[in-house]
Amino acid sequence: GDSVTQMEGPVTLSEEAFLTINCTYTATGYPSLFWYVQYPGEGLQLLLKATKADDKGSNKGFEATYRKETTSFHLEKGSVQVSDSAVYFCALSDRSNYQLIWGAGTKLIIKP
Amino acid sequence: EPEVTQTPSHQVTQMGQEVILRCVPISNHLYFYWYRQILGQKVEFLVSFYNNEISEKSEIFDDQFSVERPDGSNFTLKIRSTKLEDSAMYFCASSDPLRDSNEKLFFGSGTQLSVL
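### Topic: the overall build of chain A
Link 1 in the chain: Scanning chain A from N- to C-terminus turns up zero helices and 12 strands.
Link 2 in the chain: Starting at the N terminus, the α and β elements of chain A follow one another as β-β-β-β-β-β-β-β-β-β-β-β.
Link 3 in the chain: Its C-alpha radius of gyration of 13 Å places chain A within 12% of the 13 Å reference for a compact globule of 112 residues.
Link 4 in the chain: Seen through its C-alpha atoms, chain A measures out along the principal axes to roughly 45 × 25 × 20 Å.
Link 5 in the chain: For chain A, the proportion of its 112 residues judged to be buried stands at 44%.
Link 6 in the chain: Taking the contacts inside chain A whose residues are at least 6 apart along the sequence as the reference set, 56% of them involve residues at least 24 apart.
Link 7 in the chain: For chain A, the exposed area adds up to about 5300 Å²; of that, 48% sits on carbon and sulfur atoms.
Link 8 in the chain: The distance from the centre of the 10 positive side-chain charges to the centre of the 12 negative ones in chain A is 3 Å.

### Some thoughts on the state of the cysteines
When the sulfur atoms of two cysteines share a covalent bond, that bond is a disulfide.
All names here are of chain B.
Link 1 in the chain: This model, assessed by the stated rule, comprises two disulfides over all chains.
Link 2 in the chain: Each sulfur in the disulfide pair Cys23 and Cys92 lies 1.9 Å from the other. With the S-S dihedral at roughly -65°, the linkage between Cys23 and Cys92 falls on the left-handed side. Of this pair, Cys23 sits in strand β3 (residues 19–24) while Cys92 sits in strand β9 (residues 88–95); the two residues are 69 residues apart in sequence, bridging distant segments of the chain. In this structure, Cys23 and Cys92 share a single accessibility class: buried.

### Things to note about the interface of chain B and chain A
Link 1 in the chain: The partner chain A presents 21 residues to the 18 residues of chain B that form the contact.
Link 2 in the chain: Carbon and sulfur atoms make up 56% of the area that chain B and chain A hide from each other, which totals about 1600 Å².
Link 3 in the chain: The tally of links from chain B across to chain A stands at zero salt bridges.
Link 4 in the chain: Joining chain B to chain A, the criterion identifies two residue pairs in polar contact (both at pLDDT 80 or more).
Link 5 in the chain: For the side of chain B that touches chain A, the elements supplying multiple residues, two or more each, are β4 (31–37) and β5 (43–50) of chain B.
Link 6 in the chain: Looking at the side of chain B that touches chain A, its residues break down into seven nonpolar, six polar and five charged.

### Digging into unusual backbone geometry
Link 1 in the chain: Cis geometry marks the peptide bond from Gly9 of chain A to Pro10 of chain A, where omega comes out at 0°.
Link 2 in the chain: Along the polypeptide, Pro10 of chain A turns up in the loop between β1 (3–6) and β2 (11–14).
Link 3 in the chain: Omega for the bond connecting Thr7 of chain B with Pro8 of chain B falls within 30 degrees of zero, at -10°, which places this linkage in the cis form.
Link 4 in the chain: On the secondary structure map, Pro8 of chain B appears in the loop between β1 (5–7) and β2 (10–13).
Link 5 in the chain: One non-glycine residue with positive phi stands out, namely Glu16 of chain A, at about 75°.
Link 6 in the chain: For Glu16 of chain A, the location among the structural elements is in the loop between β2 and β3 (19–21).
Link 7 in the chain: Non-glycine residue Thr71 of chain A carries a positive phi angle of around 45°.
Link 8 in the chain: Note that Thr71 of chain A resides in the loop between β8 (62–65) and β9 (75–77).

### Here we look at the pairing of strand β6 (residues 53–57) of chain B
All names here are of chain B.
Link 1 in the chain: In this structure, β5 lies alongside β6, joined through four bridges in antiparallel fashion. Among the inter-strand pairings, Val47 is bridged to a residue of β6, identified as Lys57.
Link 2 in the chain: Once β5 ends, the chain turns through two residues before running back antiparallel as β6, passing Asn51 with a positive phi of about 55°.

### Description of the sheet that holds strand β8 (residues 75–79) of chain B
Residue and element names in this part refer to chain B.
Link 1 in the chain: In spatial order, the strands read β1-β3-β8-β7; together these four strands make up an open sheet with antiparallel pairing. If you trace the sheet from one side to the other, it starts and ends with β1 and β7 (65–68), each paired once. Each strand axis lies, on average, 20° off the axis of its neighbour in the sheet, ignoring direction.
Link 2 in the chain: Pairing between β3 and β8: five bridges, direction antiparallel. In the sheet register, Val19 faces β8, and the bridge partner there is Ile79.

Conventions we followed
- Residues numbered from 1 in each chain as written.
- Chains lettered and ligands numbered in written order.
- Predicted model: local features only at pLDDT ≥ 70, side-chain atom pairs only at ≥ 80, totals over all residues.
- Heavy atoms only, no water.
- Helix = DSSP H or I, 4+ residues; strand = E, 2+ residues; numbered from the N terminus.
- Rg over C-alpha atoms; globule rule 2.2 N^0.38 Å.
- Buried < 20%, exposed > 50% of the residue type's maximum accessible area, 1.4 Å probe, protein only.
- Contact = heavy atoms within 4.5 Å.
- Areas by Shrake-Rupley, 256 points an atom, 1.4 Å probe, with all protein chains shown as cover.
- Lys, Arg positive; Asp, Glu negative; His and termini not counted.
- Charge placed at Lys NZ, Arg CZ, Asp CG, Glu CD.
- Disulfide = S-S within 2.5 Å.
- Buried area = accessible area lost by both parts, 1.4 Å probe.
- Salt bridge = Lys/Arg side-chain N within 4 Å of Asp/Glu carboxyl O.
- Polar contact = N/O pair within 3.5 Å; in protein donor to acceptor, adjacent residues only side chain to side chain.
- Nonpolar A, V, L, I, M, F, W, Y, C, P; charged D, E, K, R; others polar.
- Pairing = 2+ DSSP bridges.
- Axes fitted to C-alpha atoms, helices over the stretch in contact; angles between N-to-C directions.

Printed below as a string of structure tokens:
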């Protein structure tokens, strides 16, 4: 079945560092890909998404490109802030039933 | 911005008791969902609901679980006889396919269920 694999956390970086959180997927068909973020004490929020190969999703300085050839959707940010500390989830959507398949989540800790 | 609200934020119950988790989806949304996240594990799909009936459900969603939209605003998840392994964070979500497509889900902040 479809699945999503994320790099394990926690990932600890200093403020203004470059961030990459790896995400790869397996899927039949052509899923949409998402990054969700969960800030401490809050629910899940959609961060960005991409619906087809080579699409780049972006929001709040974060970017991810849908790479069909490598089945990847890595999350990047050029300069992280303390306020980016959260758990980040990669997910894919099977368009036949719109269920979201989730990665395990990666906790990001940004130190001042 | 409109949001999905869930109550209570934390529910503690004894094994074998019934619990009802409540959600108020965004008012003009048409699809409703329940997901859960056991501590340290992945978020798992439980059920989706459209037009007053279940449209999809996972293997987790067995006879102990039920969902209901008792009025025009609430969407509830009932667990009839809780087990220890039901302890998890339960997330409600809703979507509006006419505006955002079903792929954009809006999540509530979750209900942490602890079964003792």
